[in-house]
Amino acid sequence: MSRAYNFFAGPATLPLEVLEEAQAHLTDYQGIGYSIMEASHRGKAYDAVHSEAIANTKELLGIGDDYSVIFMTGGASMQFALVPMNLRAPGQTADYTNSGAWAAKAIKEAQILGDTTVVADTGKDLPARMPKMSEISESANSAYFHITSNETISGTRWTEFPDTKAPLVADMSSEILSRPIDVGKFGLIYAGAQKNLGPSGVTLVIIRNDLAERAPATLPTIMRYATHVSKNSLFNTPPTFPIYILMLVTRWLKNNGGLAAVAQENEAKAGKLYAAIDASDFYRGTAAVEDRSVMNVTWRLPSEELEAKFVAEATAANMVGLKGHRSVGGIRASIYNSFPAEGVDALVQFMSDFEAANG
Ligand SMILES: Cc1ncc(COP(=O)(O)O)c(C=O)c1O
């Protein structure tokens with residue numbers, strides 16, 4: 001059976017090399033006589049995996065000693081709550097930009113927990129777009145400034161990250177490790193793994209060390225960033241197998257030229273799809289051109305019937321996961337780091353053939 005071109009938004013495609021490597025070591029990890037899944041999280045074999053996962057992430061992103069890389073569980077959704085619980089003191093507000101569905105979920109949790117200021121709201125704009133800093137005034141007493149760096153559903157991204165007075169906090173779930181970034185601009189970055197890092201089950205958090213110390217004394221131990229920093233993400237049993245795959249994915253990225261190289265490939269892949277959309281009157285992009293995501297490309301066809309036909313015929317041609325999110329409809333092609341360039345070429349050809357037959 002051949003592998004499909006997998007356009008799902010997450011869990012998403014993983015590098016074939018990584019899957020094959022994991023498969024080769026599945027029942028006996030490097031001669032220890034058992035799988036890494038069956039290994040103690042405090043043993044030598046897993047310790048090497050854990051350390052390399054952190055080291056690779058730090059190296060790829062150029063993370064300095066003033067930051068910690070930690071692995072948590074509960075997905076990005078857990079971070080929606082943990083960020084305000086840890087970083088916002090009584091009497092402070094927290095600034096949030098509402099740029100779409102994921103930002104709105106982060107805002108909802110922040111509002112449940114305390115004072116929250118929505119400093120910009122482009123969540124319902126069409127074409128979908130990111131706020132501009134020129135439209136925003138920051139609150140004087142904000143504990144941090146939250147952005148969703150890539151809106152997975154609408155297909156928009158912050159192409160340039162904003163300069164903010166308060167520490168910048170970013171949900172990077174759907175674009176982490178897809179381009180070089182200046183981590184020094186951020187106070188905290190979080191990302192669920194299941195798009196660019198590995199399988200679901202582990203959440204990557206990059207936190208400036210001084211911010212990890214901010215949590216109020218009443219916060220339970222497991223919910224405090226400082227706990228996971230001081231225990232090197234081994235306070236409780238971490239999701240060892242997802243971290244193992246994350247280690248292999250970050251190793252794969254390093255071996256393939258790091259973030260500068262993958263960013264170039266990502267731009268090229270997305271560029272081909274946007275060029276196909278722009279060259280046609282049949283297809284209509286849904287994101288503002290200057291804010292177009294390089295990871296999630298979204299567009300519409302002239303009718304919902306044609307969209308359903310497009311998805312069905314693409315699936316029959318071994319291109320799966322193209323149906324837009326149920327909240328917005330349309331088509332979405334998620335083309336994360338490990339999505340192959342040939343798959344984009346196949347989709348562009350399919351779009352051209354489909355338009356010729358149905359346009
Ligand atoms: C930008 C963004 N934030 C948060 C989430 C939620 O992540 P999780 O399901 O890991 O909690 C997603 C999931 O798709 C996402 O795309």
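Here is what the cut-offs are and how they apply
- Residues numbered from 1 in each chain as written.
- Predicted model: local features only at pLDDT ≥ 70, side-chain atom pairs only at ≥ 80, totals over all residues.
- Heavy atoms only, no water.
- Helix = DSSP H or I, 4+ residues; strand = E, 2+ residues; numbered from the N terminus.
- Rg over C-alpha atoms; globule rule 2.2 N^0.38 Å.
- Buried < 20%, exposed > 50% of the residue type's maximum accessible area, 1.4 Å probe, protein only.
- Contact = heavy atoms within 4.5 Å.
- Areas by Shrake-Rupley, 256 points an atom, 1.4 Å probe, with all protein chains shown as cover.
- Lys, Arg positive; Asp, Glu negative; His and termini not counted.
- Charge placed at Lys NZ, Arg CZ, Asp CG, Glu CD.
- Polar contact = N/O pair within 3.5 Å; in protein donor to acceptor, adjacent residues only side chain to side chain.
- Near = heavy atom within 4 Å.
- Nonpolar A, V, L, I, M, F, W, Y, C, P; charged D, E, K, R; others polar.
- Salt bridge = Lys/Arg side-chain N within 4 Å of Asp/Glu carboxyl O.
- 1 Å grid on protein atoms, 1.4 Å probe; cavity = no way out; pocket = protein on both sides within 12 Å on 5 of 7 lines; lining within 4 Å.
- Points joined across faces, edges and corners; volume = space filled by probe spheres on them.
- Pairing = 2+ DSSP bridges.

## Thoughts on the overall build of the protein
At step 1: Broken down by element type, the protein carries ten helices and 14 strands.
At step 2: Relative to its length of 359 residues, the protein is compact, with a C-alpha radius of gyration of 21 Å against a globular reference of 21 Å.
At step 3: Looking at the protein as a whole, 54% of its 359 residues qualify as buried.
At step 4: Across the protein, every contact between residues at least 6 apart in sequence was considered, and the portion connecting residues at least 24 apart equals 65%.
At step 5: Within the structure as shown, the protein displays about 15,300 Å² of accessible surface, and the carbon and sulfur contribution to it stands at 53%.
At step 6: Averaging the coordinates of the 30 positive side-chain charges in the protein and doing the same for the 39 negative ones gives two points 5 Å apart.

## As for unusual backbone geometry
At step 1: At the junction of glycine 10 and proline 11, the peptide bond is cis and its omega measures out at -5° in the coordinates.
At step 2: By the element assignment, proline 11 lies in the loop between strand E1 (5–6) and helix H1 (16–24).
At step 3: Despite not being glycine, asparagine 232 shows a phi value in the positive range, around 50°.
At step 4: Note on placement: asparagine 232 falls in the loop between helix H6 (225–230) and helix H7 (240–255).

## So, the environment of tyrosine 96
At step 1: Inspection of the secondary structure puts tyrosine 96 in strand E3 (residues 93–98).
At step 2: Sequence separation between tyrosine 96 and proline 239 is 143 residues, and the spatial gap between their C-alpha atoms is 30 Å.
At step 3: With near-sequence residues (within four places) excluded, tyrosine 96 lies in contact with Val83, Pro84, Ala106, Ile107, Ala110, Thr116, Thr117, Val118, Val119, Ala120, Tyr144 and His146.
At step 4: In this structure the side chain of tyrosine 96 is engaged in a polar contact, spanning 2.7 Å, whose partner is the side chain of tyrosine 144.

## Focus on the site of the ligand
At step 1: Near the ligand, the surroundings consist of Gly75, Ala76, Ser77, Phe80, Trp102, Asn150, Thr152, Asp171, Ser173, Ser174, Gln194 and Lys195.
At step 2: Between the ligand and serine 77 there is a distance of 2.6 Å, counted from an oxygen atom to a side-chain nitrogen or oxygen.
At step 3: In the environment of the ligand, an oxygen atom lies 3.4 Å from a nitrogen or oxygen atom belonging to the side chain of tryptophan 102.
At step 4: Notes on the ligand: free accessible area 390 Å², of which the protein chains cover 85%.
At step 5: Broken down by class, the residue content of the shell around the ligand amounts to three nonpolar, seven polar and two charged.

## Some thoughts on the pattern of salt bridges
At step 1: Scanning the entire structure with this criterion turns up 13 salt bridges.
At step 2: Across the pair glutamate 267 and arginine 157 runs a salt bridge, and its minimum N-O distance is 3.3 Å. Of this pair, glutamate 267 sits in helix H8 (residues 258–278) while arginine 157 sits in strand E7 (residues 156–157); the two residues are 110 residues apart in sequence, bridging distant segments of the chain.
At step 3: You can call glutamate 267 partly exposed: its relative accessible area is 43%.
At step 4: A salt bridge links lysine 272 to aspartate 345, with the shortest nitrogen-to-oxygen separation between them at 2.8 Å. You can see lysine 272 sitting in helix H8 and its partner aspartate 345 sitting in helix H10 (residues 341–358), a full 73 residues away along the chain.

## Topic: the layout of surface pockets
At step 1: In this structure, the largest pocket occupies an estimated 550 Å³ of space.
At step 2: Surrounding the largest pocket, 30 residues form its lining, Gly123, Leu126, Ala128, Ser154 and Val328 being those nearest its centre.
At step 3: Where the lining of the largest pocket is concerned, the elements lending two or more residues are helix H4 (101–113), strand E11 (284–285), strand E12 (296–300) and strand E14 (331–334).
At step 4: By residue number, the principal contributor to the lining of the largest pocket is E12, which donates three residues.
At step 5: Estimated volume of the second largest pocket: approximately 400 Å³.
At step 6: As for the second largest pocket, its lining consists of 24 residues, of which Asn337, Ser338, Phe339, Pro340 and Ala341 are closest to the centre.
At step 7: At the level of elements, E1, H7, H8 and H10 are the ones that each hand at least two residues to the lining of the second largest pocket.
At step 8: Sort the elements by how many residues they give to the lining of the second largest pocket and H8 lands first, with six residues.

## Considering the sheet that holds E11
At step 1: The three strands are arranged E11-E12-E14 in an open sheet whose pairing can be described as antiparallel. Here the strands that pair on one side only, and so sit at the sheet edges, are E11 and E14.
At step 2: The pairing of E12 with E14 spans four bridges and is antiparallel. In the strand pairing of E14, asparagine 296 is matched with serine 334.

## Overview of empty space enclosed by the protein
At step 1: Scanning all chains against the criterion turns up one cavity of 30 Å³ or more.
At step 2: Computed from the structure, the largest cavity encloses a volume of approximately 40 Å³.
At step 3: For the largest cavity, the full set of lining residues is Thr13, Leu14, Pro15, Lys195, Asn196, Val249, Trp252, Leu253, Asn337 and Ser338.
At step 4: Along the lines of polarity and charge, the residues of the lining of the largest cavity split into five nonpolar, four polar and one charged.

## Structural notes on the side chain of aspartate 95
At step 1: Relative to the helices and strands, aspartate 95 is located in strand E3.
At step 2: Buried charge aspartate 95 goes without a salt bridge, the closest partner of opposite sign being lysine 165 at 7.3 Å.
At step 3: One polar contact links aspartate 95 to serine 139, side chain to side chain, over a distance of 2.6 Å.
At step 4: Here aspartate 95 is in contact with Thr117, Val119, Glu138, Ser139, Ser142, Tyr144, Phe145 and His146, once residues within four sequence places are set aside.

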